[in-house]
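Letter by letter, the chains look like this.
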Amino acid sequence: MAKPDVNPAIQDGGAHGFLSPAAGFRPGVVSRVSTALKEGQVSPTELCQRCLSLIKATKFLNAYITVTEDTALRQAEESEKRYRRGQSLGDLDGIPVAVKDNFSTTGIETTCASNMLKGYIPPYSATVVQKLLDQGAVLIGKTNLDEFAMGSGSTDGIFGPVRNPWSYSKQYREKCGQNSHLENEDSSWLITGGSSGGSAAAVSSFTCFAALGSDTGGSTRNPAAHCGVVGLKPTYGLVSRHGLIPLVNSMDVPGILTRCVDDAATVLGVLAGHDPKDSTTVQDPFNPFKLPSVIDVSKLCIGIPKEYHIPGLSSETLAVWSKAADLFENAGARVIEVSLPHTCYSIVCYHVLCTAEVASNMARFDGLEYGHRSNMDKSTESMYAATRREGFNDVVRGRILSGNYFLLKQNYEKYFIKAQKVRRLIANDFVNVFSSGVDVLLTPTTLRDAVPYVEFIKEDNRTRSAQDDIFTQAANMSGLPAVSIPTALSEKGLPIGLQFVGRAFQELQLLTVAKWFEKQAKFPILQLQEMLDHADALSHQKISLSS
Amino acid sequence: MTGLALSCSINKKSLFDRKHYFYADLPAGYQITQQRLPIAVNGNLSYTLYVGAKQSQMVTKNVRIKQIQLEQDSGKSLHNDARSQTFIDLNRAGVGLMEVVMEPDMCCGEEAAAAVRELQLILQTLGSSQAIMAEGQLRVDANVSVRHPGEPYGVRTEVKNINSLRFLARAVDYEIQRQIEELENGGTILNETRAFDYKLGCTIPMRDKEGKQDYRFMPEPNLPPLILYDAKSLPANIDDQQVVNIDWIQERLPDLPSVKRARLVEQYGILPEHSFTLLNEDGLMELFEDVVRKTQMNPKKVIGWVISELLGHLKQYDLTVKESPVNSVSLADLLNLLERGVISSSAAKQVLEELWKGEGKTPLQIVKEKRLELIQNQRELDQICQAVMEGHQEEVMEIKAGNKKVLNKLIGLVQRATQRRADPILVKQILEKKLSQ
């Protein structure tokens with residue numbers, strides 16, 4: 001297989017090559033590509049084709065469930081016509097994007113990585129998907145995830161696990177003393193984190209410029225941190241959930257994964273706003289914003305929650321977190337320790353509320369109207385039972401059972417109501433901190449850098465989720481916006497991300513701070529070429545690519 | 001609107017819940033309803049019954065409204081037992097419904113039917129619903145229990161599959177009877193759901209609920225609390241179109257049936273029973289008032305024509321008021337002719353029969369065609385009476401001798417001679433005058 005002709009400068013959006021790998025800073029990737037498209041330096045079709053061939057070359061990452069080659073090329077062609085007429089729809093016109101496979105897309109299979117929905121073709125598109133398409137974005141494919149978005153590794157879907165592109169990076173391989181030989185290759189690859197691992201890997205490996213994920217307990221921010229990309233969780237109620245196959249209605253939000261903070265702001269500008277089809281979106285009008293290029297953080301107050309300094313936190317991540325705090329302080333910001341006293345209860349509280357809503361949301365999968373239906377036909381009841389056993393994996397079934405238990409009449413007060421009250425307390429912790437003068441919180445996103453798959457699967461999904469969600473889930477409980485920014489490489493040469501949590505609906509402030517930090521951090525670009533060499537070698541060796 | 005019309009307290013904040021169970025016609029696996037806090041509570045519905053030997057006495061009764069809640073409809077299941085198949089029609093699944101829950105204040109099928117009838121009229125007046133039971137726009141489930149006076153309420157059964165007011169009365173009465181017999185034979189009543197079989201006129205047990213089902217109620221996370229405002233609580237800068245103002249709605253409520261009936265009685269001097277009939281038939285009240293406006297005839301006489309004659313004909317031919325071949329204009333014209341003495345009452349009935357054919361003729365045209373005009377010429381009448389008297393001396397003698405009944409025979413003879421074109425009252429006067437001479 002011939003290596004695809006990839007121009008890293010174009011893939012990075014640096015049409016004028018001002019981005020050197022050493023500098024590592026890429027402001028406004030999408031807007032630069034957009035400019036290149038407008039000026040005719042590259043055409044939407046070319047861009048689309050490059051992404052498609054790169055997807056083929058990186059197939060071993062297993063980031064995509066469906067690659068929508070035909071529709072993407074058609075969309076690219078339409079975009080090209082618009083550019084030629086000088087009538088581009090905006091910054092996203094002609095830009096390849098990917099969408100996590102738990103968003104409904106008209107006419108395109110949507111599986112949630114589950115047998116229950118294998119072969120399911122939705123008759124409508126999620127609002128956020130439609131908004132992207134209305135702006136002329138080119139939908140390049142549906143990305144892989146943990147089944148029904150339940151998990152923190154993107155390892156538990158029926159299409160197999162997603163591989164972290166950094167497993168094949170020059171940075172990682174050099175640090176780990178790996179050479180180009182393949183001896184332990186297949187057993188040492190790393191997880192992406194989850195559950196939006198496919199989307200994170202897709203953005204990270206340059207096969208698209210932005211991707212939609214979902215975030216219920218950290219599912220966008222976690223893989224963003226592990227894959228070295230920006231992962232934004234907007235305020236609950238800002239972005240429509242219509243068409244996002246629900247996990248926990250009171251916590252889910254569509255997440256945005258991009259290569260830089262400016263891009264996240266661009267995509268948010270397209271997606272945010274009231275949707276009559278989602279009664280939980282706020283009515284207030286949303287004004288899309290562009291982030292300032294000159295940012296002064298000296299007037300800011302950054303809060304460091306002391307309860308997030310836990311034993312499980314790796315020393316490297318702790319060091320990076322510290323260094324970041326110092327960075328703000330040196331720039332004149334006020335950096336103070338704050339307390340979120342109910343943090344220790346959040347895992348259990350999250351577990352009760354999450355499983356209860358999951359049990360409710362999964363009740364619709366009965367095999368009658370759509371999706372998998374078992375052949376068992378002795379009675380309707382037995383058909384339901386067999387369908388749901390065959391259609392759902394252990395993780396999903398476990399959560400359904402737990403959730404139903406908590407919702408039983410005799411347990412409702414003790415568990416569900418109690419958890420609602422604790423949730424209120426957790427949310428109030430943030431309210432108190434933000435009303436005491438703190439503008440933004442700075443925390444780690446994950447406990448450590450990405451681990452190898454073989455190590456990750458030693459613990460079960462529930463254990464892993466409980467561990468890995470610890471820094472991220474509070475933002476879902478309280479509905480606040482949060483963003484993970486790739487900060488530095490670990491000793492192994494793997495990405496470490498830090499999280500900023502902002503005030504409700506203050507995405508402008510949150511992303512402004514994040515952008516400043518991104519500029520300071522100068523996180524390096526993933527060295528792509530190595531990965532393609534690997535792909536070449538792999539294909540020659542005809543190694544099986546399933547997990 | 002319905003809550004206000006039923007004198008309920010409107011909850012300015014109400015909540016939505018999910019009620020979970022698995023059934024083929026429930027695609028989401030749960031129904032959204034208002035279990036914790038419904039939109040309206042504690043109301044009242046007054047209705048009337050005809051009681052007594054001849055069903056002529058009107059009695060007013062009351063049933064308390066426990067609550068009104070908003071919820072989702074399920075789909076429809078159609079069973080084909082022959083092939084062990086069930087067909088599911090999901091067209092109505094998810095559509096919003098209003099459930100009105102009444103307290104057990106009714107004692108028999110007749111009361112139930114009357115209460116529901118009044119509710120139907122109210123819903124139709126408000127425009128909340130057409131409430132046609134046969135078309136499933138109003139669905140009624142009856143909860144029936146029996147007990148000895150003074151004892152607490154007995155175990156209740158729920159009776160479904162009732163498609164008309166008549167079947168409602170029958171189903172309730174059957175179930176009462178069944179339960180009494182069951183208990184008197186030493187049996188017990190199960191808290192179950194039964195279906196009304198309209199062909200057999202009885203209730204049969206339906207799907208078995210396996211003891212008590214736990215619906216695992218949970219707040220509906222996708223629907224925030226429903227907030228309604230009144231004039232006092234309305235926030236200042238809010239868009240009128242975005243909120244529901246209870247006071248605004250209250251001001252605009254149309255006259256409820258009971259108010260309309262009272263007004264009709266007061267304004268036109270008709271009997272209360274008449275007002276019920278006018279409201280019971282769709283469009284009849286409007287027709288009546290229209291005719292009254294267009295004619296000089298006393299409304300108390302008009303009502304007779306509208307109910308006995310017009311409505312009588314409609315019932316005979318199974319037509320609605322809208323489908324009537326005789327409209328208010330024709331009827332008013334006809335009654336005017338009668339009122340002015342141009343025709344007699346029996347002639348008017350003849351004209352109505354002709355009008356009913358719907359050939360587009362006016363009453364006046366028909367009168368002329370059929371030569372139904374009363375003889376107006378006094379002298380002509382006088383001569384005819386005279387002639388009849390002269391031709392029937394025997395009868396004249398009898399009347400003069402004191403047998404007044406024979407006068408009717410003479411009147412009849414005059415009618416025959418005039419081909420019924422003589423006003424019988426006038427004829428009687430003329431004859432009496434002559435006889436006393």
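Chain B carries the name Glutamyl-tRNA(Gln) amidotransferase subunit B, mitochondrial in an unreviewed UniProt entry, which gives Alligator sinensis as its organism. Turning to chain B, the UniProt record has this under Sequence similarities (unreviewed entry): "Belongs to the GatB/GatE family. GatB subfamily." Recorded in UniProt for chain B, the comment headed Subcellular location (unreviewed entry) runs: "Mitochondrion".

For chain A, the name recorded in an unreviewed UniProt entry is Glutamyl-tRNA(Gln) amidotransferase subunit A, mitochondrial, with Alligator sinensis as its organism. Looking at chain A in UniProt, the text filed under Catalytic activity (unreviewed entry) is "L-glutamyl-tRNA(Gln) + L-glutamine + ATP + H2O = L-glutaminyl-tRNA(Gln) + L-glutamate + ADP + phosphate + H(+)". Per UniProt, chain A carries the Subcellular location (unreviewed entry) text "Mitochondrion".

Next up on the list: the state of the cysteines. All names here are of chain A. Summed over all chains, the structure comprises zero disulfides over all chains. Left unpaired, C51 is separated from the closest cysteine sulfur, that of C48, by 6.9 Å. Residue class for C51 comes out buried when judged on its relative accessible area of 0%. Distance from the sulfur of C208, which forms no disulfide, to the nearest cysteine sulfur (C51) is 7.2 Å. The exposure class of C208 is buried, given its relative accessible area of 0%.

For the rest of this paragraph, the subject is the domain arrangement of chain B. How large an interface is tends to be reported as the accessible area lost when its parts come together. Residues and elements named next belong to chain B. Each assigned domain of chain B is listed with its residue range as follows: domain 1 (1-219), domain 2 (257-370) and domain 3 (378-436). Domain 1 and domain 2 are separated by 38 Å when their C-alpha centres are compared. Taken together, the contact pairs eight residues of domain 1 with nine residues of domain 2. Summing the contributions of domain 1 and of domain 2, the shared interface buries around 720 Å²; its carbon and sulfur component is 55%. The tally of links between domain 1 and domain 2 comes to one salt bridge. Measuring nitrogen to oxygen at the nearest pair gives 2.7 Å for the salt bridge that ties R261 to E118.

For the rest of this paragraph, the subject is the packing of helix α6 (residues 272-280) of chain B against helix α7 (residues 284-294) of chain B. All names here are of chain B. The geometry of α6 relative to α7 is characterised by a closest axis approach of 6 Å and an angle of 115° between their N-to-C directions. Facing α6, whose interface residues are T277, L278 and L279, α7 presents L284, M285 and F288. Residue composition of the contact of α6 with α7, grouped by class: five nonpolar, one polar and no charged.

Moving on, we get to the UniProt feature "active site" (unreviewed entry) in chain A. All names here are of chain A. On the UniProt side, "active site" (unreviewed entry) is annotated at positions that read K100, S195 and S219 here. Taking the farthest pair of C-alpha atoms as the criterion, the annotated set spanning 120 residues converges on one region, since that pair is 11.1 Å apart. Note on placement: K100 falls in strand β2 (residues 96-100). The buried category is assigned to K100, whose relative accessible area is 0%.

What follows concerns the sheet that holds strand β5 (residues 40-51) of chain B. Residue and element names in this part refer to chain B. Pairing in this open sheet of four strands is antiparallel, and the strands run β1-β5-β6-β9 from one edge to the other. The sheet is open, and its two edges are formed by β1 (9-10) and β9 (96-102), each paired on a single side. Alignment of strand β6 (residues 57-72) against β9, held across seven bridges, turns out to be antiparallel. Following the sheet pairing, Q72 is matched in β9 by G96. Along the sheet, helix α2 (residues 109-126) contacts β5, β6 and β9; its crossing angle with β5, the most-contacted strand, is approximately 115°.

Let us now look at the interface of chain A and chain B. Listed as interface residues are 26 residues of chain A and, on the opposing side, 21 residues of chain B. Of the roughly 1800 Å² buried between chain A and chain B, counting both surfaces, carbon and sulfur atoms make up 54%. At the boundary of chain A and chain B, one finds zero salt bridges. If you list the elements that add at least two residues to the side of chain A that touches chain B, you get α11 (346-361), α12 (380-391), α13 (394-407) and α14 (409-435) of chain A. Take the side of chain A that touches chain B: its biggest share by element is five residues, from α14 of chain A.

Now for the pairing of strand β4 (residues 210-215) of chain A. Residue and element names in this part refer to chain A. With six of six residues buried, β4 lies mostly within the body of the structure. With burial as the criterion, each face of β4 is covered, one bearing A210, L212 and S214 and the other bearing A211, G213 and D215. Relative to β4, β2 is paired through three bridges, and the arrangement is parallel. Looking at β4, one finds that V99 is bridged to L212. Across six bridges, the pairing between β4 and strand β6 (residues 253-258) is antiparallel. The residue of β6 that forms the bridge with S214 is P254.

Residue and element names in this part refer to chain A. Summarising the element assignment, H226 is placed in helix α8 (residues 221-227). Placed 25 residues apart in sequence, H226 and A201 show a C-alpha to C-alpha distance of 9.3 Å. With residues up to four places along the chain from it excluded, the contact list for H226 reads N164, W166, T192, G193, T446, R448, D449, A450 and P495. Reaching out from H226, the side chain makes a polar contact with the backbone nitrogen of A450 at a distance of 3.3 Å.

With that settled, consider helix α10 (residues 345-356) of chain B. Because each turn of an α-helix spans 3.6 residues, side chains separated by three or four positions end up pointing in the same direction. Residue and element names in this part refer to chain B. Taking 1.5 Å as the rise per residue, α10 with 12 residues should run 16 Å; its terminal C-alpha atoms sit 17 Å apart, in good agreement. The inward-facing, buried residues of α10 contact α8 (299-316), α9 (328-339) and α11 (363-370). Note on α10: the residue one or two positions beyond its end, G358, has a positive phi of about 70°.

Moving on: the sheet that holds strand β4 (residues 30-33) of chain B. Residues and elements named next belong to chain B. Spatial strand order, β4-β3-β14: three strands in an open sheet with antiparallel pairing. The sheet is open, and its two edges are formed by β4 and β14 (218-219), each paired on a single side. Bridging between strand β3 (residues 17-20) and β14 involves two bridges; their strand directions are antiparallel. Bridging from a neighbouring strand, D17 pairs with P219 of β14.

With an omega of 10°, the peptide bond running from G194 of chain A to S195 of chain A counts as cis. Mapped onto the secondary structure, S195 of chain A falls in the loop between α6 (170-175) and α7 (197-204). Residues other than glycine seldom take positive phi values, yet F206 of chain A does so here, at roughly 70°. Mapped onto the fold, F206 of chain A is located in the loop between α7 and β4. Of the residues examined, F206 of chain A reaches a relative accessible area of 4% and is grouped as buried. Even without a glycine there, the phi angle at R216 of chain B is positive, about 45°. Here R216 of chain B shows up in the loop between β13 (202-205) and β14. The buried category is assigned to R216 of chain B, whose relative accessible area is 15%.

Below, the discussion takes up helix α10 (residues 315-330) of chain A. Residues and elements named next belong to chain A. Here α10 contains 16 residues, and its C-alpha end-to-end distance of 22 Å stays within 8% of the 22 Å for a straight helix at 1.5 Å per residue. Those residues of α10 that are buried lie in contact with β7 (301-305), β8 (334-338), β9 (440-444), β10 (482-489), β11 (495-501) and α18 (507-521). Just downstream of α10, G332 is the residue with a positive phi angle, here 100°.

Another point: the pairing of β2 of chain A. Residues and elements named next belong to chain A. Buried residues dominate β2, accounting for five of its five residues. Residues P96, A98 and K100 point to one face of β2 and V97 and V99 to the other, with burial holding for every one of them. Across five bridges, β2 lies against strand β3 (residues 138-143) in parallel orientation. By the bridge assignment, V99 is partnered in β3 with K142. In this fold, β2 hands off to helix α5 (residues 127-134), which returns the chain to β3; that crossover is right-handed.

So, on to the packing of α11 of chain A against α14 of chain A. Residues and elements named next belong to chain A. Where α11 meets α14, the axes come as close as 9 Å, and the angle between the chain directions of the two elements is 130°. Here α11 lies oblique to α14, going by the angle between them. Of the two possible hands of crossing, α11 and α14 adopt the one that is left-handed. Between α11, through S346, C349, V352, L353 and A356, and α14, the contact on the second element is made entirely by Y415, F416, A419, Q420, V422, R423 and I426. Of the residues belonging to the contact of α11 with α14, the class tally is nine nonpolar, two polar and one charged.

Right, let's talk about the environment of N143 of chain B for a bit. Residue and element names in this part refer to chain B. By the secondary structure assignment, N143 is in strand β10 (residues 140-144). Its relative accessible area of 43% is what places N143 among the partly exposed residues. Residues N143 and V172, 29 residues apart in the sequence, show an inter-C-alpha distance of 8.4 Å. At 2.9 Å, the side chain of N143 forms a polar contact with the side chain of R156.

Thresholds, definitions, all that
- Residues numbered from 1 in each chain as written.
- Chains lettered and ligands numbered in written order.
- Predicted model: local features only at pLDDT ≥ 70, side-chain atom pairs only at ≥ 80, totals over all residues.
- Heavy atoms only, no water.
- UniProt positions renumbered as here; feature names shortened; annotations may be inferred.
- Disulfide = S-S within 2.5 Å.
- Buried < 20%, exposed > 50% of the residue type's maximum accessible area, 1.4 Å probe, protein only.
- Domains from an automatic or database assignment.
- Contact = heavy atoms within 4.5 Å.
- Buried area = accessible area lost by both parts, 1.4 Å probe.
- Salt bridge = Lys/Arg side-chain N within 4 Å of Asp/Glu carboxyl O.
- Axes fitted to C-alpha atoms, helices over the stretch in contact; angles between N-to-C directions.
- Helix = DSSP H or I, 4+ residues; strand = E, 2+ residues; numbered from the N terminus.
- Nonpolar A, V, L, I, M, F, W, Y, C, P; charged D, E, K, R; others polar.
- Pairing = 2+ DSSP bridges.
- Polar contact = N/O pair within 3.5 Å; in protein donor to acceptor, adjacent residues only side chain to side chain.
- Expected span 1.5 Å × (residues − 1).
- Right-handed = clockwise from strand over helix to strand, strands pointing away.
- Parallel < 35°, antiparallel > 145°, perpendicular 65-115°, else oblique.
- Left-handed = near helix turned anticlockwise from the far one by under 90°.

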